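One letter stands for each residue in the lines below.
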Amino acid sequence: MRDTDHDAPDTEAQSDDDRRQSGAWWRSHGGRPVTDGGTETDADGVTLDPWGSATVGDYQNLFAEFGIEDFRDVIDDVPTPHHLMRRRVIFGHRGYDRVARALANDEPAAALSGFMPTGDPHIGHKLVFDELIWHQRQGADTYGLIADLEAHAARGLSWDEIDEHARDYLLSLIALGFDPEEGELYRQSTNDRLQSLAFELGGNARFSEFQSIYGFDGETSVSHMQSVVTQMADILYPQLDEPKPTVIPVGPDQDPHVRLARDLAARTRFFKVTEAFASFAADPPERELLGRAHDAREEWADDPDRPRCEDAADWIAEASVPEELSTARDRVVEKLTNAGMEPLRPRVRLLDRNADEAAFDALIEAVDGEKRVFDEHVDCFDLSREAAEELAREVELDHGGYGFRTPSSIYHRFMTGLTGGKMSSSVPASHISLLDDPEDGYDKVMAATTGGRSTAEKQRELGGEPDDCPVYELYAYLLSRDDDEFAQRVYDECADGDRLCGGCKEQAAELMEAFLEEHQEARAEAAELLESLDVDLDVDASRRGVAPAEE
Ligand code: TRP
Ligand code: SF4
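Sequence order as written defines residue numbering, which begins from 1 separately in each chain. The order in which chains are written sets their letters, starting at A; the order in which ligands are written sets their numbers, starting at 1. Per-residue local features of the predicted model are confined to residues with pLDDT of at least 70, and side-chain atom pairs are confined, for both listing and counting, to 80 or more; whole-chain, interface and lining totals are unaffected and use all residues. Here the side-chain values reflect all heavy atoms present in the structure, with hydrogen atoms and water set aside.

(A) How the structure looks around the overall build of the protein. When you go through the protein residue by residue, the secondary structure sums to 23 helices and 11 strands. Within the protein, contacts between residues at least 6 apart in sequence are counted, and of these 76% link residues at least 24 apart. Strands are runs of DSSP state E lasting at least 2 residues, helices are runs of H or I lasting at least 4, and numbering of each runs from the N terminus. Only heavy atoms matter for contacts: two residues are in contact if any of them lie within 4.5 Å across the pair.

Have a look at this one:
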């Protein structure tokens, strides 16, 4: 495990003072804007465990350690960013640019997320509900699912408990604005198409991966493993009728699932598209070097219109390259030398991965312009990479494949528990359930810990610490709704010492009470709507298992 501090990118090493001065905290591009779930001092780094405890000490670390991308890099591509995006509650993503582009261009896109019905839906789940609803309003095909197989297999809930909670999640999702006639709601256990897809995907997954990704071992139940392939199927389900950019809004604890689903999606593909410069195969660092050599061919080729591999070898052997490319350099020099007089020439390569002969032949046929056909690949000289991707997908779909696009994800921060520490479904005082009596909601906010000082005088003098205040988080995540100015005002007043915790909590408590009242009325209306839909909420009678014991 790496040490968190040492890996934090420099740009984020900004002091509290810088952050205060920059004012609009979620707009400032350097500061660390929202509280981190109360475990700042998580000294032994971060683990992402879908069934473990959901806290993250240092969100910055997720970029360096796991390759999650910074949401700030894509937010400008999002047509009208949601307030959770603007306020950096949504902090990271994988491949969301594709989804943002599709939304901006009114092209097909989808959004899907799932909920384990292990307790009441609470204000932490509301983040995901809101993300789904926003994507639906932006025109995406949107799916909400009840992960009942997972709740049973991984969390040991009985079917009766699951049935009771499943309905509550869907009611809140609809009450908050999800349109169930436009989108789709399902539960894992009763969805046959989903189960068939899970079975197919399982054919591409190996137990050894489950071991290394999830720490599964000989004591892990087979049903638990099946719930993983089911989640893989959930993630790709929106693409069953038509491949399209799909976003999975989740907490970062789900990232291992997202990565595996991205892998599996690629493994099912008939063809793989890569770029190459000669007949031999090259890995990405080797290709990087080949690209450099090709770009510099004026310098070294006898005839720049027909640069030779062996001359490129001489040039690369002498060129100055970064340390991390030096072993690739040795390999590529050898390959180029062996290729001798062959011209160095960029091309798009379509590799046969899972295609049958008919599909491969059809692909070859479909390539326009100059091409060279090999046993297991075809090199195309007049095709862009994008055009090649399109072509490969079309041929795959024509020949009975799925043609999946790699699914994308966005990650939101976990809310801090009202009592400090993590927000947990199993600790009622730590969260506000969407089913809580509005007055209880009021009381829970009033009882919350704050980022306030020990006395009013000190608070006036030093200001409060909104970045370490669960009450401020309520404002930023939920109570300010779409009103950035209001959220900013609360922040500034607190930090400047113009706001004292008593009044601040009272205001938050009133807003919370009003929200719960409104939400619960909307739930009553949603109940009627849900009745009239054909969402199968009762579990099949063949499922009688008692909760499986594991570990
Ligand atoms: N594993 C998720 C959780 O723990 C639930 C889930 C199941 C899910 N299938 C999904 C989430 C697909 C996102 C996408 O809550
Ligand atoms: Fe938190 Fe409000 Fe107190 Fe500031 S004034 S520390 S935001 S409760």
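(B) Up close: the layout of surface pockets. Grid points spaced at 1 Å and placed over the protein atoms alone form the basis of the search, with a cavity being a set where a 1.4 Å probe fits but cannot get out and a pocket an open set showing protein on both sides within 12 Å along at least five of seven lines. Lining residues have an atom within 4 Å of a point. Grid points are joined across faces, edges and corners, and a volume is the space filled by probe spheres set on the points. Size it by volume and the second largest pocket reaches roughly 650 Å³. Lining the second largest pocket are 21 residues; nearest its centre among them are Arg-98, Arg-269, Glu-389, Arg-393 and Thr-406. Among the elements of the structure, α5 (96–104), α12 (255–267), β7 (271–276) and α18 (385–398) are those that each provide at least two residues to the lining of the second largest pocket. A per-element tally of the lining of the second largest pocket places α18 first, with six residues. The classification used treats Ala, Val, Leu, Ile, Met, Phe, Trp, Tyr, Cys and Pro as nonpolar, Asp, Glu, Lys and Arg as charged, and all other residues, Gly among them, as polar. Residues that form the lining of the second largest pocket fall into these classes: five nonpolar, three polar and 13 charged.

(C) View of the packing of aromatic side chains. For Phe, Tyr and Trp, rings pair up if their centres lie within 6.5 Å, where Trp contributes its six-membered ring, and each pair is then called stacked (planes under 30 degrees apart), edge-to-face (over 60) or tilted (otherwise). Counting across every chain of the model gives 15 aromatic pairs. Taking 6.5 Å as the distance between ring centres and 80° as the angle between the ring planes, the aromatic pair formed by Phe-129 and Tyr-169 counts as edge-to-face. Taken as a pair, Phe-129 in helix α6 (residues 123–137) and Tyr-169 in helix α8 (residues 159–175) lie far apart in primary sequence, 40 residues in all. Judged on exposure class, the residue Phe-129 and its partner Tyr-169 are both buried. Taken together through their ring pairs, the aromatic side chains of Tyr-59, Phe-63 and Phe-91 make up a single cluster. Across the ring face of Phe-381, the terminal group of Arg-345 is positioned such that the distance to the ring centre comes to 4.1 Å. When the NZ atom of lysine or the CZ atom of arginine is within 6 Å of a ring's centre and also within 35 degrees of its normal, the charge is said to sit over that ring. A cation over an aromatic ring shows up here: Arg-413 above the ring of Tyr-59, its NZ or CZ 4.7 Å from the ring centre. Burial here depends on accessible area, computed with a 1.4 Å probe over protein chains only, as a share of the maximum for the residue type. Under 20% is buried, over 50% is exposed, and the range in between is partly exposed.

(D) Broad picture of the environment of Ala-319. Mapping Ala-319 onto the fold places it in the loop between α15 (309–318) and α16 (326–339). Remark: the alpha-carbon pair of Ala-319 and Ala-293, spanning 26 residues in sequence, is separated by 9.0 Å.

(E) Structural detail: α15. Every buried residue of α15 is listed here: Cys-309, Asp-311, Ala-312, Ala-313 and Ile-316. Those residues of α15 that are buried lie in contact with α13 (284–295), α14 (297–300) and α16.

(F) Geometry of the nonpolar core. By convention a nonpolar core is built from buried Ala, Val, Leu, Ile, Met, Phe, Trp, Tyr and Cys residues, the set being connected through side-chain atoms within 4.5 Å. Core analysis: the biggest nonpolar cluster contains 68 residues, and Phe-71, Tyr-96, Ile-123, Tyr-475 and Met-512 have the highest contact counts within it. Those elements giving two or more residues to this core turn out to be α4 (83–86), α5, β3 (110–115), α6, α8, α21 (470–479), α22 (484–495) and α23 (501–532). By convention here, the domain bounds are inherited from an automatic or database domain assignment. Taken together, domain 1 (2–268 + 405–412) and domain 3 (423–517) each give at least three residues to this core, which thus spans both. Once residues within four sequence positions are removed from consideration, Met-512 is found in contact with Ile-123, Ile-432, Gly-441, Val-445, Leu-474, Leu-478 and Leu-479. The next biggest cluster of nonpolar side chains, apart from the first, holds 47 residues, and it includes Leu-48, Trp-51, Met-116 and Ala-265.

(G) Structural view of the site of ligand 2. With respect to spatial proximity, the complete set of residues near ligand 2 consists of Thr-450, Gly-451, Gly-452, Gln-459, Cys-469, Val-471, Tyr-472, Cys-494, Arg-499, Leu-500, Cys-501 and Cys-504. Cavity and pocket membership follows a simple rule, namely that a molecule belongs there if more than half of its atoms are within 2 Å of the grid points. Mapping ligand 2 onto the cavity grids shows that it belongs to the largest cavity. Among the elements of the structure, α21 and α23 are those that each provide at least two residues to the shell around ligand 2. Looking at the shell around ligand 2 residue by residue, the classes come out as seven nonpolar, four polar and one charged. Each residue is tested against the molecule or strand, and it is near if at least one of its non-hydrogen atoms lies within 4 Å.

(H) A look at the site of ligand 1. Residues in close proximity to ligand 1 total 13 residues, the closest being Met-116, Glu-150, Gln-231, Asp-234 and Gln-254. Between N or O atoms, a polar contact is any pair within 3.5 Å; within protein, one atom must be a potential hydrogen donor and the other a potential acceptor, and residues adjacent in sequence are included only when both atoms are from side chains. Side-chain polar atom of Gln-231 to a nitrogen atom of ligand 1: 2.8 Å apart, as the coordinates give it. One of the side-chain N or O atoms of Asp-234 is found 2.7 Å from a nitrogen atom in ligand 1. Mapped onto the shell around ligand 1, the elements with two or more residues apiece are β3, α11 (222–236) and β6 (246–250).

(I) Quick peek at the pattern of salt bridges. Each reported salt bridge corresponds to a side-chain nitrogen of Lys or Arg within 4 Å of a carboxyl oxygen of Asp or Glu. Applying the stated criterion to the full structure yields 30 salt bridges. Residues Arg-292 and Glu-288 are paired through a salt bridge, measuring 2.9 Å at the closest nitrogen-oxygen approach. Taken as a pair, Arg-292 and Glu-288 lie in helix α13 at a separation of four residues, close to a single helical turn. Judged by relative accessible area, Arg-292 falls into the partly exposed class, the value being 31%. Notably, a salt bridge pairs Arg-385 with Glu-389, separated by 3.6 Å at the nearest N-O pair. Here Glu-389 and Arg-385 lie together in helix α18, a separation of four residues that amounts to about one turn. Residues joined in a network through salt bridges with shared partners are Arg-86, Arg-87, Asp-482 and Asp-484.

(J) Region of the structure containing the confidence of the model for the protein. Values of pLDDT, which run from 0 to 100, indicate the predictor's confidence residue by residue. Mean pLDDT for the protein: 89, with 89% of residues reaching 70 or above. Scored below 50 in pLDDT, residues 1–44 makes 89 contacts in the model with residues more than four places away or belonging to other chains.

(K) The sheet that holds β3, seen in detail. The seven strands lie next to each other as β1-β2-β11-β6-β3-β4-β5, forming an open sheet whose pairing is mixed. The sheet is open, and its two borders are formed by β1 (69–70) and β5 (184–187), each paired with just one other strand. Note: β3 against β6, two bridges, orientation parallel. Within β6, the position partnered with Ala-110 by the bridge is Thr-246. Whenever a helix is involved, its axis is fitted only over the stretch in contact; in every case the axis is a line through C-alpha atoms, and angles between N-to-C directions fall within 0 to 180 degrees. Sitting on the sheet, α5 is in contact with β2 (90–94), β6 and β11 (408–412), with an inclination near 100° to β11. Should DSSP find at least two bridges between two strands, the strands are regarded as paired.

(L) Looking closely at unusual backbone geometry. Phi at Asp-106 is positive, roughly 55°, even though this residue is not glycine. Assignment of secondary structure puts Asp-106 in the loop between α5 and β3. What makes Asp-106 exposed here is its relative accessible area of 72%. The backbone phi angle of Arg-481 is positive, close to 45°, even though this residue is not glycine.

(M) Summary view of the side chain of His-431. Mapped onto the elements of the fold, His-431 is located in the loop between β11 and α19 (438–446). For His-431, the side chain forms a polar contact with the main-chain oxygen of Val-427, separated by 3.3 Å.

(N) The packing of α19 against α23, seen in detail. Their axes nearest at 8 Å, the elements α19 and α23 cross at an angle of 155°. With respect to each other, α19 and α23 are oriented roughly antiparallel. Read as a crossing pair, α19 and α23 show a hand that is right-handed. On α23, the residues that touch Pro-438, Glu-439, Gly-441, Tyr-442, Val-445 and Met-446 of α19 are Gly-502, Lys-505, Glu-506, Ala-508, Ala-509, Glu-510, Met-512, Glu-513, Leu-516, Glu-517 and Gln-520. Oblique is the label for every angle not falling under 35 degrees (roughly parallel), over 145 degrees (roughly antiparallel), or within 65 to 115 degrees (roughly perpendicular). Helix crossings are classified by the rotation of the near helix relative to the far one: an anticlockwise turn of less than a right angle makes the crossing left-handed, while a clockwise turn makes it right-handed.

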